[in-house]
Amino acid sequence: MRQTTRLCLLAGAVGVIGGPALAEGQAWSNADEVRALVSEMMADAETRSSLLQSGGTAGHDGQHFFLASGDGNFRLDISGQIQFRYYLNFRDDENDDDDIFEDDDNSNEDDFESGFQTRRTKIFFEGHVFDPNMFYKLNGTFYSNEGEGQTQDGDFELEDAYAGYRWDNGFSILWGQFKLPFMREELVSEAYQLAADWSLTNTVFTTGRSQGVQFGWSAEDFRAMLAFSDGAKAANSDIAAPRGLTSTGYLSGGESDWAGTGRVEIKLAGGWEAFQDFTSMPGSDFGAMLGIAGHIEGGDPPSSEFFPTGGEYRYGSWTADINLEGDGWNFYLAGVGGYSDFNDADLDGIADDDVDNVTEAGDINYSDYGVIAHAGIFIPNTDWEPFIRYDVIFADEDERELDEDSETFQTLTFGVNYYMYGHASKFTADVLWFLDDVSSNALAGNRNTGIGYLTDDDENEITVRLQWQLLF
C-alpha cells in the first residue's frame, strides 16, 4: 500500500472516529481545518515520495553507513571506531623515575599500575563528490594518550583531512593532512594490527601525519607515493611554529622549512587488498609485498627556551620491509634508520644535567636504527590467532656516549586475537616485555601510556593489555 493511500485512510479514520471529540475541543473547530491538515500531510508525503524516486540510497553496505545519490556521483560513508583497554603494568619495586626525569611531576615510584583506558574513539567521514574519482576523507579522535603529545581529558583532535583526485591511468593526487608514506606499520591502521598497538620502535622512527601534497601512481603490481610536506609529525601545526632540538636529539614541535617523503611498494603475489592489514584469514591466498621508503627534511629554526637550536638542521630516515601471508599465517620484517645533523647548535638553554649525551655545542650528529619483526597464525578450525613480535632500537653509541651494553632497547610482545566478526569486533590480549632499562637508551626514554610503557630505571618492565575493539 502506498504511503499517500495510508495517510488518506489515517486522516479518514481520524475524521470518523475522533470527529465528535474534535468538535468539542478548542484545537479543531470545523471540518475545514481537518481538511487543511490532511492536505498538508499529503503534500509532505508526495515530497518524500519524489525524493525516493530520484534514486538516492542510504543504508549499510557491510562496512559503513552511507548516503549516496542515485547517479553515484555523490557518496558519504560514515563509520566509527572504539578501542577500550585494561592495563596492568609491573616495574621494579625500587623503581625511582627521579633518576630519569628532572621534573618531580613526572616521578612515579609505584611498582604496579593498572586501570582502564579508552585508547581510541574515532569518527570517519569519507567518500566522493561530483565524480567517483574525486575523493575525500575527514576524521578525528577523542585522544587519551599522554605519550603521543595529547592530553588525557578526551579532547577531540583532527587526524586526517584531505581531498584528492584519482585518474583512470593510475595517477592520483591528494592534498591536506594525512599520514606520510613512510613506515608500513604506521600506514596500516591501528585497527588492523596484530598486537593491540604499534611497536615502540615504530613510535620512535615514524614520520606520522603532516600537512602537504602527495602524488601517487598505482599499477597492477607496483605503486609509488611522493609527498611534499611540513615535515615529520607536524600534524595540526602552524606555519610560524619552529621545529627544535631536544637534549636527546629528537625533532620536536612546529614545522620544517621543507620536507619530502617517498615510498615504493612491489607486490610479488596476491592482491593489494590483502595488505590492508597484517592478518591473513584461513583460506586466504599467498601474498608477498616488498616496500622501501625515505624521508628528508631541513630548516633553520630560531633558538628559544624550549628549542635551543639556533642552527641549521637536517634529518633523514629510511625504511625497508617485507610482508608475507598465506592460509591463516602472516610474517612481517622491517628495518629503519634515522640520521640527525644539527649544525652550529646553541645548547646554552639546556641544563647541564639534561645533556649527558651531548659533550659540547656545535655540530651534533646521531645515527640510530631499529628492527621490527612479527608473525601470527590461526589455530586450526578456530577464530583464535596467537602472535609474537620483537622490536629493538639501536641508539648511536658513540655520539650519545652510551656504554656498549646500553645502546639497544628491546621489546618482546606476544598475545592472541579472537575475531568475533573479523576486525569489526575483535578481542586482543597481549603482554609487552621491555627487556632493558630506560636509562640505557635515550631514544626509548619517552613515557608512552598509550602503548603501556611507563619507563623503568631497571630491566624487565612488563605490561599486560586487554582490548576490545568495535568498528561500525
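All residue numbers refer to positions counted from 1 along the written sequence of the respective chain. With the structure being a predicted model, the display of local features is reserved for residues of pLDDT at least 70 and the display and counting of side-chain atom pairs for 80 or more, all residues being used for whole-chain, interface and lining totals. As a rule here, side-chain values cover all heavy atoms of the structure and leave hydrogens and water aside.

### Some details on the overall build of the protein
For step 1, the next point in the chain: Here a helix means four or more residues in a row that DSSP labels H or I, a strand means two or more in a row labelled E, and each is numbered from the N terminus. A tally of regular secondary structure across the protein gives five helices and 20 strands.
For step 2, the next point in the chain: Burial here depends on accessible area, computed with a 1.4 Å probe over protein chains only, as a share of the maximum for the residue type. Under 20% is buried, over 50% is exposed, and the range in between is partly exposed. By the burial criterion, 45% of the 472 residues in the protein qualify as buried.
For step 3, the next point in the chain: A total accessible area of about 22,900 Å² is found for the protein, and carbon and sulfur atoms account for 57% of it. With residues, only the protein chains shown are counted as cover, and all accessible areas are computed by Shrake-Rupley using a 1.4 Å probe.

### A closer look at the confidence of the model for the protein
For step 1, the next point in the chain: pLDDT is defined as a per-residue confidence score from the predictor, taking values between 0 and 100. On average, residues of the protein score 82 in pLDDT, and 72% of them reach the 70 mark or higher.
For step 2, the next point in the chain: Counting interchain partners and residues more than four positions distant, the pLDDT-below-50 stretch residues 7–11 has five contacts.
For step 3, the next point in the chain: Here residues 348–361 scores under 50 on pLDDT; set against residues more than four positions off or in separate chains, the count is 23 contacts. Two residues form a contact once any of their heavy atoms are found within 4.5 Å.

### A word on the pairing of strand β4 (residues 112–128)
For step 1, the next point in the chain: Between any two strands, at least two bridges found by DSSP are needed for them to pair. Two strands pair when backbone bridges link them, and strand β3 (residues 75–90) and β4 are joined in this way by 16 bridges, in the antiparallel orientation. Directly across from R75, in β4, lies its bridge partner H128.
For step 2, the next point in the chain: Across seven bridges, β4 lies against strand β5 (residues 134–142) in antiparallel orientation. Opposite F125, over in β5, you have L138 as the bridge partner.
For step 3, the next point in the chain: Adjacent in sequence and paired antiparallel, β4 and β5 are bridged by five residues, among which F130 carries a positive phi angle near 65°.

### Examining unusual backbone geometry
For step 1, the next point in the chain: Of note, the phi angle at F130 is positive, near 65°, even though the residue is not glycine.
For step 2, the next point in the chain: Tracing the backbone shows F130 in the loop between β4 and β5.
For step 3, the next point in the chain: On the basis of relative accessible area, F130 is assigned to the exposed category, the value being 61%.
For step 4, the next point in the chain: The backbone of N460 shows a phi angle near 70°, a positive value even though the residue is not glycine.

### Some points on the environment of M183
For step 1, the next point in the chain: By the element assignment, M183 lies in the loop between β7 (171–179) and α4 (184–187).
For step 2, the next point in the chain: Apart from the residues within four sequence positions on either side, M183 is in contact with N202, F205, T206, T319, V336 and I372.

### What about the packing of aromatic side chains?
For step 1, the next point in the chain: Ring pairs shown here join Phe, Tyr and Trp side chains whose ring centres sit within 6.5 Å, with only the six-membered ring taken for Trp; geometry is labelled stacked below 30 degrees between planes, edge-to-face above 60, and tilted in between. All chains considered together, the criterion is met by 17 aromatic pairs.
For step 2, the next point in the chain: Considering the side-chain rings of F215 and F228, the 6.5 Å spacing of their centres and the 75° angle between planes classify their relative orientation as edge-to-face. Taken together, the residues span a long stretch of sequence, with F215 in strand β8 (residues 209–218) and F228 in strand β9 (residues 222–229) at a distance of 13 residues.
For step 3, the next point in the chain: Of the residues examined, F215 reaches a relative accessible area of 38% and is grouped as partly exposed.
For step 4, the next point in the chain: Using a relative accessible area of 45% as the deciding quantity, one classes F228 as partly exposed.
For step 5, the next point in the chain: Feature note: the residues F84, Y86 and F116 constitute an aromatic cluster, connected by ring pairs.

### Some thoughts on the nonpolar core
Inside soluble globular proteins, nonpolar side chains tend to come together where they are buried.
For step 1, the next point in the chain: The definition of a nonpolar core used throughout is a set of buried Ala, Val, Leu, Ile, Met, Phe, Trp, Tyr and Cys residues joined through side-chain atoms within 4.5 Å. In terms of nonpolar packing, the biggest core is built from 25 residues, with L200, F205, I393, F409 and Y453 touching the most fellow members.
For step 2, the next point in the chain: For this core, the secondary structure elements donating two or more residues are α5 (200–205), β15 (329–345), β17 (384–394) and β19 (425–434).
For step 3, the next point in the chain: With residues up to four places along the chain from it excluded, the contact list for Y453 reads L200, F409, F434, V438, A444, N446, R447, N448 and E461.
For step 4, the next point in the chain: Ranked by size, the runner-up nonpolar core spans six residues in total, among them F135, Y162, F178 and A227.

### A short note on the environment of A334
For step 1, the next point in the chain: The residue A334 is located in strand β15 in this model.
For step 2, the next point in the chain: With 13 residues separating them along the chain, A334 and D321 place their C-alpha atoms 4.1 Å apart.
For step 3, the next point in the chain: Beyond its immediate chain neighbours, meaning those up to four positions away, A334 contacts A320, D321, G370, V371 and I372.

### A short note on the side chain of E255
For step 1, the next point in the chain: Mapping E255 onto the fold places it in the loop between β11 (251–252) and β12 (258–269).
For step 2, the next point in the chain: Here a polar contact is recorded for every N or O atom pair within 3.5 Å, except that within protein the pair must consist of a potential hydrogen donor and a potential acceptor, and residues adjacent in sequence are included only if both atoms are side-chain atoms. At a separation of 2.8 Å, a polar atom in the side chain of E255 contacts the side chain of S237.
For step 3, the next point in the chain: With residues near it in sequence (within four places) discarded, E255 still touches Q211, D230, S237, D238, I239, A241, P242 and R243.

### Let's talk about a nonpolar patch on the surface
For step 1, the next point in the chain: Without a salt bridge and with relative accessible area above 30%, a residue can belong to a patch; like charges are then joined within 9 Å and nonpolar side chains (Val, Leu, Ile, Met, Phe, Trp, Tyr) within 5 Å. One speaks of a salt bridge when a side-chain nitrogen belonging to Lys or Arg is within 4 Å of a carboxyl oxygen belonging to Asp or Glu. On the surface, a nonpolar cluster with roughly 480 Å² of combined accessible area is contributed by I123, F125, L138, F142, F156 and L158.
For step 2, the next point in the chain: Among the secondary structure elements, F156 is positioned in strand β6 (residues 156–166).
For step 3, the next point in the chain: Relative accessible area serves as the criterion here: at 47%, F156 is assigned to the partly exposed category.

### Describing the pairing of β6
For step 1, the next point in the chain: In this structure, β5 lies alongside β6, joined through nine bridges in antiparallel fashion. Each bridged residue has a counterpart across the sheet, and for L138 the counterpart in β6 is A161.
For step 2, the next point in the chain: For β6 and β7, the ladder comprises six bridges, and the chain directions are antiparallel. Following the sheet pairing, R166 is matched in β7 by S172.
For step 3, the next point in the chain: What sits between β6 and β7 in their antiparallel hairpin is a turn of four residues, with G170 showing a positive phi close to 100°.

### Considering the pattern of salt bridges
Where charged atoms of side chains with opposite charge meet at close range, the side chains can pair.
For step 1, the next point in the chain: Counted under the stated rule, the structure contains 16 salt bridges.
For step 2, the next point in the chain: The residue D77 makes a salt bridge to R75 at a minimum N-O spacing of 2.8 Å.

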